[in-house]
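# Tertiary structure, described
If you want the building blocks of each chain, they are given just below.
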Amino acid sequence: MNPPSFVAGRSRPKQGLGWLQHPLFNKGTAFTEAERDRLGLRGLLPPRVFTLEEQVVRVLTNFRKRPNDLERYVYLMGLQDRNETLFYRVLMEHLAEMLPIVYTPTVGRACQEYGSIFRRPRGLYVSAQDRGRVPRLLRHWPHREVRVIVVTDGERILGLGDLGAQGMGIPVGKLSLYTACGGVHPQHCLPVTLDVGTENPTLLENPLYTGLKQRRVRGAAYDELVDEFVGAVQKAFRRALIQFEDFGNVNAFRLLKRYQNRVCAFNDDIQGTGAVTLAGIYSALRITGRPLQEQTMLFLGAGEAGIGIGDLISAALEDQGLSPEAARRRCWFVDSKGLVVRGRRDLAEHKLPYAHEHPGCPDLLSAIAALKPSVLIGVSGVPQSFPQPVLAAMAQLQQRPIILALSNPTSKAECTAQDAYTWTQGRAIYASGSPFPPVNFEGRTLVPGQGNNAYIFPGVGLGVMACAARHVTDSMFFRAAKTLAGQVRESDLDQGRIYPALERMAEVSAAIATAVAEEAYALGLARAARPEDLAGSIRAQMYQPVYPIWA
Ligand code: NAD
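The notes below deal with the structure included here. (Residues numbered from 1 in each chain as written. Predicted model: local features only at pLDDT ≥ 70, side-chain atom pairs only at ≥ 80, totals over all residues. Heavy atoms only, no water.)

### Focus on the pattern of salt bridges
Quick reminder of the rule: Salt bridge, as used here, is a side-chain nitrogen of Lys or Arg placed within 4 Å of a carboxyl oxygen of Asp or Glu. Throughout, exposure labels follow a simple rule: accessible area from a 1.4 Å probe, protein chains only, divided by the maximum for the residue type, with under 20% read as buried, over 50% as exposed, and the rest as partly exposed.
Under the criterion given, the structure shown has 39 salt bridges. Where arginine 42 meets glutamate 33, a salt bridge forms, and the shortest distance between an N and an O atom there is 2.8 Å. The class for glutamate 33 is partly exposed, based on a relative accessible area of 41%. Taking the shortest distance from any N to any O, the salt bridge between glutamate 145 and arginine 147 comes out at 3.4 Å. The exposure class assigned to glutamate 145 is partly exposed, which follows from its relative accessible area of 31%.

### A word on helix H14 (residues 249-259)
Residues that lie three or four places apart on an α-helix share one face, since the helix turns once every 3.6 residues. Quick reminder of the rule: The numbering of helices and of strands both runs from the N terminus, where a helix is a DSSP run of H or I of at least 4 residues and a strand a run of E of at least 2. Two residues form a contact once any of their heavy atoms are found within 4.5 Å.
Within H14, the full set of buried residues consists of Asn251, Ala252, Phe253, Leu255, Leu256 and Tyr259. At its buried positions, H14 is contacted by helix H13 (219-236), strand E4 (241-244), strand E5 (265-267), helix H15 (268-288) and helix H16 (304-319).

### Here's the deal with the packing of helix H6 (residues 84-93) against helix H7 (residues 95-102)
Rules: Each axis is a line fitted through C-alpha atoms, and for a helix only the stretch in contact is used; angles between axes span 0 to 180 degrees, taken between their N-to-C directions. Here the angle decides the label: under 35 degrees means roughly parallel, over 145 means roughly antiparallel, 65 to 115 means roughly perpendicular, and every other value means oblique. By the convention adopted, Pro, Cys, Tyr, Trp, Phe, Met, Ile, Leu, Val and Ala count as nonpolar, Lys, Arg, Asp and Glu as charged, and the other residues, Gly among them, as polar.
The geometry of H6 relative to H7 is characterised by a closest axis approach of 6 Å and an angle of 115° between their N-to-C directions. Classified by the angle their axes make, H6 and H7 are roughly perpendicular. Every residue of H7 that contacts H6 at Phe87, Val90, Leu91, Met92 and Glu93 is listed here: Leu95, Met98 and Val102. Looking at the contact of H6 with H7, its residues break down into seven nonpolar, no polar and one charged.

### Quick look at the side chain of glutamine 55
Formally: The definition of a polar contact used here is a pair of N or O atoms within 3.5 Å, where within protein one atom must be able to donate a hydrogen and the other to accept one, and adjacent residues in sequence count solely through side-chain atom pairs.
Tracing the backbone shows glutamine 55 in helix H4 (residues 52-65). A relative accessible area of 2% places glutamine 55 in the buried class. Of the polar contacts made by the side chain of glutamine 55, one reaches the backbone oxygen of lysine 27; its length is 3.0 Å. Not counting the four nearest positions on each side in its chain, glutamine 55 is found in contact with Lys27, Gly28, Thr29, Ala30, Phe50, Leu86 and Tyr547.

So, to be careful, I would describe these as geometric facts and stop short of saying anything about function.
Shown next, in the form of structure tokens:
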């Protein structure tokens, strides 16, 4: 494989040790005899030359020896810092084993502990003190070919709340999935944290906290910093896609509205979650044999994830001919104060489209009794909020209740896979946000799906990059959801699994990317010329973790 031109170009290390210290160029013990002579490495490495495959075995052996998942996370991050090719080879070949470490649930724990596990910086920090000099900070980033930026302000990390600057683990983790699942070259990826302070008292008191020790900046000063950042990105990395990630919902909806049609940007918690969940529902309906128009969806939690899912389901129903009002009426929300209905005076703006005319219900169980939902979706961040009575009520109403317990990390899930199957006599069609192992229920093995956004955003990003889309539209996420659902095989459904096997992630992402790029071309939003074979050209662009021969 030839290295991309920007890797082969001027940023190459000088002779000797530099080659071992740069994660992009380093091959460790796999530098060949000829490379050792050419690059001045002879003597700096143990004499035996290993293959990449042999190195993978060494990494896996060490990885599996670590005493816990946080240690495994630290080990993998160390590998990413030393040798990116080897890191991605391991990640891509063992995705099901590695995903819960580089992403939810372990990444959540890693963010909480970021101050104490900190080894080397990764990503770009833009703090409230950098107002006026953000363009300069972007110039400090060593790679000029940035195509995807994942940015957080750390206010709502998974379901763990405000982790301030320690939220950096999320953009780092998501971008490693862009590469491992979507084949985006690591050098095209830039993780960013906007450090505007934190409201988390534990972090503010922690001597090892890595961020600004101050309360969050809000209002005009916050907006100006975000605006300066977005503007600077447009100048420094003209075609970069910006993915907003894990912002608190006061800012998430606002920022999406402000930038969605101005730059190339989306919010994964709103739009990505919408797409992965809609795809799961489409697959579940292949099992029940009922159409989407007949479903009643009840959500616990009316934040970014809930409203994002509601909006995409409504779009899907409108596509089938329902009016916007009739479509939204299929979706009902319960928040911390009970059922969201027209008569309530305490509703945030993003909930209003789903405040239907209906008597109030104080809690989830009474809402289930009143609305008789067929799909129950947990996006509240409240652990165990689908207890036995809730699951039993769903099982009484439906032959195959669809239960999606999406809150992350695992400790926040509304119910476990085991509970969902036990309290519905094995009839639930279940998926969660963080992974649960297969469950043996009365002699049958039931495989819970993982409604992981990683099924969606890498493919969307790859598609947007491939056609150089100007904007990211809701219709692209709709296309992504349909494509993902189309990738689920009958053999998956037979096991109760409503998402494809993780091992097929690259193939799934390529299909999603093609659908997204098709949509961009259809909407006239693509800046790149359309290749004759769009799918083939996208597949050809995907990163493969193999060592180049350094000449
Ligand atoms: P958010 O803060 O925007 O929304 C949380 C919502 O839950 C709010 O509407 C809040 O009022 C409501 N809530 C809080 N306590 C409640 C209670 N006791 N009863 C009912 N509702 C309550 O957060 P979000 O971005 O919507 O994320 C929510 C959860 O969903 C998080 O745990 C997140 O990790 C998870 N999530 C999962 C996926 C996925 O699995 N693919 C994707 C995105 C988010």
